[in-house]
Protein chains: 2
Amino acid sequence: MDTRLRAGERLTEVPVPQDAMLHFIGRIRTPWAERKDCPRQGRLDGPECRLEVAAPWQEALLGIGEYAHLDILYWLDRARRDLVVQNPGNDGRRYFGTFALRSPQRPNPIGLSRVRLERMEGTTLLVRGLDCLDGTPLIDIKPVTCEFTPKAPPKS
Amino acid sequence: MDTRLRAGERLTEVPVPQDAMLHFIGRIRTPWAERKDCPRQGRLDGPECRLEVAAPWQEALLGIGEYAHLDILYWLDRARRDLVVQNPGNDGRRYFGTFALRSPQRPNPIGLSRVRLERMEGTTLLVRGLDCLDGTPLIDIKPVTCEFTPKAPPKS
């Protein structure tokens with residue numbers, strides 16, 4: 001991890017994070033082995049990537065083939081978590097708060113990409129639209145809201 | 001938490017989650033005090049809710065007012081995490097894998113809603129589009145991809 005701060009970037013003092021724990025449900029395979037190679041945002045016409053879902057979660061994929069697009073959450077495990085103001089262009093001019101960016105550097109470094117589901121091979125999903133490093137831990141898979149309707153009757 | 005299983009719902013055996021830790025960055029205030037009152041999905045014309053960002057993250061909001069819509073991540077702290085196949089309608093008929101649902105019951109119970117930013121009051125964001133309980137822990141705030149452009153030059 002490149003932990004060097006850029007001029008004018010600011011940190012916060014945060015306690016050791018210990019509010020809740022995540023459990024990785026698989027791994028993501030992408031063509032990008034180093035951070036400098038990753039695109040700044042995923043594209044739906046980008047290269048095919050693999051979501052390798054771990055065996056205990058195999059049944060949780062039941063019915064996922066109904067969806068053309070999925071929201072993917074993943075853990076950006078090389079990010080620093082204390083940056084509050086960032087200078088993405090490293091130009092000493094334009095500064096942005098962390099929550100006004102989609103930078104990996106954030107208090108809870110969770111990446112979120114909307115991907116297209118191309119096909120499945122067993123418990124592996126082939127998708128397009130990711131931007132993360134090869135080997136990134138997978139956290140969650142959800143149908144996108146615009147294709148999803150609640151499966152229980154509306155509440156009164 | 002209602003931990004009762006419905007007929008035919010299936011669990012997985014998962015290890016104690018310990019792969020990564022989250023740090024709550026604030027609290028969400030909504031009109032819904034009990035799970036039965038929460039809507040099944042948020043609506044952009046739903047009631048105004050408050051994202052109360054904790055003081056250490058105040059500067060991280062710099063520039064967020066540029067965005068009309070935000071992706072909000074939050075921790076569904078009453079969910080059970082071992083369900084792999086669910087029967088959302090409790091009708092004993094239609095079963096779905098957890099990753100083919102947007103149910104709160106999932107291995108990493110992270111809620112994701114796309115909200116409209118109405119206005120800000122100090123470090124509190126007033127938004128519409130949430131569906132979660134009053135008091136839900138806040139995890140992350142991101143500009144939505146369709147309004148966001150990377151703030152650094154493209155990579156070669």
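Structure's up top.
Below or above, wherever it landed, is the structure these notes cover. (Residues numbered from 1 in each chain as written. Chains lettered and ligands numbered in written order. Predicted model: local features only at pLDDT ≥ 70, side-chain atom pairs only at ≥ 80, totals over all residues. Heavy atoms only, no water.)

### Describing the interface of chain B and chain A
The line we're drawing: In what follows, a contact means two residues having at least one pair of non-hydrogen atoms within 4.5 Å. What gets called buried area is simply the loss in accessible area from a 1.4 Å probe that two parts show on being joined, summed for both. Should a side-chain nitrogen of Lys or Arg be within 4 Å of a carboxyl oxygen of Asp or Glu, the pair is scored as a salt bridge. A 3.5 Å cut-off defines polar contacts: any pair of N or O atoms within that distance qualifies, except that in protein one atom must be a possible hydrogen donor and the other a possible acceptor, and neighbouring residues in sequence count only when both atoms are side-chain atoms. Labels follow the DSSP assignment, with helices taken as runs of H or I lasting at least four residues and strands as runs of E lasting at least two, numbered in each case from the N terminus. Note that Gly is not counted as nonpolar here; it falls among the polar residues with everything else outside the nonpolar set of Ala, Val, Leu, Ile, Met, Phe, Trp, Tyr, Cys and Pro and the charged set of Asp, Glu, Lys and Arg. Pairing between strands is defined by DSSP: at least two bridges between them are needed.
On the chain A side, the residues contacting the 69 residues of chain B number 69 residues. Taking both sides of the interface into account, the surface hidden between chain B and chain A amounts to around 6,500 Å²; carbon and sulfur atoms contribute 62%. Run the count over chain B and chain A and you get six salt bridges. Here Arg10 of chain A and Glu59 of chain B are joined by a salt bridge, their closest N and O atoms 2.6 Å apart. On the surface where chain B and chain A come into contact, there are 32 residue pairs in polar contact (both at pLDDT 80 or more). For the side of chain B that touches chain A, the secondary structure elements donating two or more residues are strand 2 (20-22), strand 5 (69-75), strand 6 (83-86), strand 7 (96-97), strand 8 (110-121) and strand 10 (136-143) of chain B. Sort the elements by how many residues they give to the side of chain B that touches chain A and strand 10 of chain B lands first, with five residues. When its residues are assigned to classes, the side of chain B that touches chain A shows 40 nonpolar, 11 polar and 18 charged. Across three bridges, strand 2 (residues 20-22) of chain A lies against strand 2 of chain B in antiparallel orientation. Across the sheet, Leu22 of chain A pairs through a bridge with Ala20 of chain B, a residue of strand 2 of chain B.

### Brief notes about the pattern of salt bridges
Residues and elements named next belong to chain B. Our working definition: To sort residues, take the accessible area from a 1.4 Å probe on protein chains only and compare it with the maximum for the residue type: under 20% means buried, over 50% means exposed, and anything in between is partly exposed.
Per the stated rule, a full pass over the model turns up 36 salt bridges over all chains. The salt bridge involving Arg119 is made with Glu48; its shortest N-O contact spans 2.9 Å. With Arg119 in strand 8 and Glu48 in strand 4 (residues 48-53), the pair connects residues that are 71 residues apart, well separated along the chain. By relative accessible area, which is 38% here, Arg119 ends up partly exposed.

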